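# What the coordinates show
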Amino acid sequence: MPRGKRRSAAEMGPSEDDRHSSKRQRNAYQTSQSSRRFSKIDDAFSQKRCLTWFHEYTTPDDPDTLGPEGMEKFCEDIGVEPENVAMLVLAYKMGARQMGFFTQSEWLKGLTDLQCDTAGKVQCKLDYLRNLLNDPNAFKTIYRYAYDFARDKDQRSMDIETAKAMLQLLLGKHWPLYAQFAQFLEQSKYKVINKDQWCNILEFSRTISNDLNNYDVDGAWPVMLDEFVEWMRLLRSQATIS
């Protein structure tokens, strides 16, 4: 019998190697798509994961409150010092009522707003939190929040040491007269700062020139600021004479 014609590769269809190569490509594509889906799931905010993370910082005795020890560990995990201004802004976002503590409801409120349920996600938000202070209106709101947040809840006023620390944090880099004001407080009779004084210090830092020439002693400024201006002018006059 006569032999039949040998078929070409095209007529015979894909080779075994080609079929294996195609299968590998399909598997690789499916794995890639699956990884992307899982990545999107991991990136999506999870309230359950957020709560689980919260409980890493609490104790069995008080599971609904993150206290000072937990706060220290939390700060280590996100890579900032507790005194970093970003922590103050984060507390503001949470509506935290007491310095050094986050309740479960405060934690959920703030981190849901920020869509953060891991330390890495909070780290990615730190610049955003700091940059909020560049907006004058946001800064004023956070500055006012800081007074009630930092003061001892048993007292109506803020003790002077806490006030100086908070003023350093909020105004130290932005108010040219801050160093002199801190020095004035150091030698003054003041042991506490009330809320009216606190709010007026910000207004003073924003509106009064560094040479103090536009300060009106007959204005509605607190006596504390009258005394600061008087102290500064005396200091400058003595420096001029010497």
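Note that this is a predicted model, so its numbers are computed, not measured.

## A closer look at the environment of H55
Counting through the fold element by element, H55 comes out in the loop between α3 (47-54) and β1 (65-66). In sequence terms H55 and T65 are ten residues apart; their C-alpha atoms lie 8.8 Å from each other. Beyond its immediate sequence surroundings of up to four residues, H55 is in contact with P63 and Q104.

## Structural notes on the layout of surface pockets
As a volume, the largest pocket reaches approximately 350 Å³. Along its surface, the largest pocket is lined by 17 residues, and P82, E83, M87, M99 and F149 are the ones closest to its centre. Elements with a minimum of two residues in the lining of the largest pocket: α4 (68-78), α5 (85-94) and α9 (160-171). Top contributing element to the lining of the largest pocket by residue count: α9, with four residues. Tallied by class, the residues present in the lining of the largest pocket amount to twelve nonpolar, three polar and two charged. For the second largest pocket, the calculated volume is near 230 Å³. V85, L133, L169, K173 and H174 are the residues nearest the centre of the second largest pocket, which is lined by 13 residues in total. Broken down by class, the residue content of the lining of the second largest pocket amounts to five nonpolar, five polar and three charged.

## Here we look at the environment of S209
Along the chain, the position of S209 falls in the loop between α11 (195-207) and α12 (223-241). As a C-alpha pair, S209 and L177 span 32 residues in sequence and 9.4 Å in three-dimensional space. With residues near it in sequence (within four places) discarded, S209 still touches L177 and N214.

## Re the confidence of the model for the protein
Residue-level pLDDT values for the protein average 88, and 82% of them are 70 or greater. Low pLDDT (under 50) marks residues 34-41, which in the prediction has one contact with non-local residues, meaning those over four places away or in another chain.

## Some points on α12
Helical periodicity: at 3.6 residues per turn, an α-helix aligns residues three or four positions apart in one direction. Taking 1.5 Å as the rise per residue, α12 with 19 residues should run 27 Å; its terminal C-alpha atoms sit 27 Å apart, in good agreement. Along α12, the positions that sit buried rather than exposed are M224, L225, F228, V229, W231 and M232. Projected onto a plane normal to the axis of α12, the buried residues spread over an arc of 165 degrees and lie on a single side. Pointing more than 90 degrees away from the buried face of α12 are the exposed residues V223, E230, T240 and I241. Contacts from the buried residues of α12 go to α10 (178-187), β4 (192-193) and α11.

## Examining the packing of α3 against helix α6 (residues 104-114)
For the pair α3 and α6, interaxial distance at closest approach is 10 Å and the crossing angle is 130 degrees. The orientation of α3 with respect to α6, classified from their angle, is oblique. In this structure, α3 crosses over α6, and the sense of that crossing is right-handed. Facing Q47, C50, L51, W53 and F54 of α3, the residues of α6 in contact are Q104, W107, L108, L111 and T112. Split by residue class, the contact of α3 with α6 holds seven nonpolar, three polar and no charged.

## As for the nonpolar core
Core analysis: the largest hydrophobic core is formed by 70 residues, its most contacted members being W107 and W198. Setting aside chain neighbours within four positions, we find W107 in contact with C50, W53, F54, Y57, L66, F74, M94, F102 and T112.

## Concerning unusual backbone geometry
One non-glycine residue, Q115, lies in the positive phi region at around 60 degrees. Topologically, Q115 is positioned in the loop between α6 and α7 (119-131). A relative accessible area of 44% means that Q115 is categorised as partly exposed. In this structure, L212 takes a positive phi of about 65 degrees despite not being glycine. Among the secondary structure elements, L212 is positioned in the loop between α11 and α12.

Cut-offs and rules
- Residues numbered from 1 in each chain as written.
- Predicted model: local features only at pLDDT ≥ 70, side-chain atom pairs only at ≥ 80, totals over all residues.
- Heavy atoms only, no water.
- Helix = DSSP H or I, 4+ residues; strand = E, 2+ residues; numbered from the N terminus.
- Contact = heavy atoms within 4.5 Å.
- 1 Å grid on protein atoms, 1.4 Å probe; cavity = no way out; pocket = protein on both sides within 12 Å on 5 of 7 lines; lining within 4 Å.
- Points joined across faces, edges and corners; volume = space filled by probe spheres on them.
- Nonpolar A, V, L, I, M, F, W, Y, C, P; charged D, E, K, R; others polar.
- pLDDT = per-residue confidence, 0-100.
- Expected span 1.5 Å × (residues − 1).
- Buried < 20%, exposed > 50% of the residue type's maximum accessible area, 1.4 Å probe, protein only.
- Arc of directions from axis to C-beta.
- Axes fitted to C-alpha atoms, helices over the stretch in contact; angles between N-to-C directions.
- Parallel < 35°, antiparallel > 145°, perpendicular 65-115°, else oblique.
- Left-handed = near helix turned anticlockwise from the far one by under 90°.
- Core = buried A, V, L, I, M, F, W, Y, C linked by side-chain atoms within 4.5 Å.

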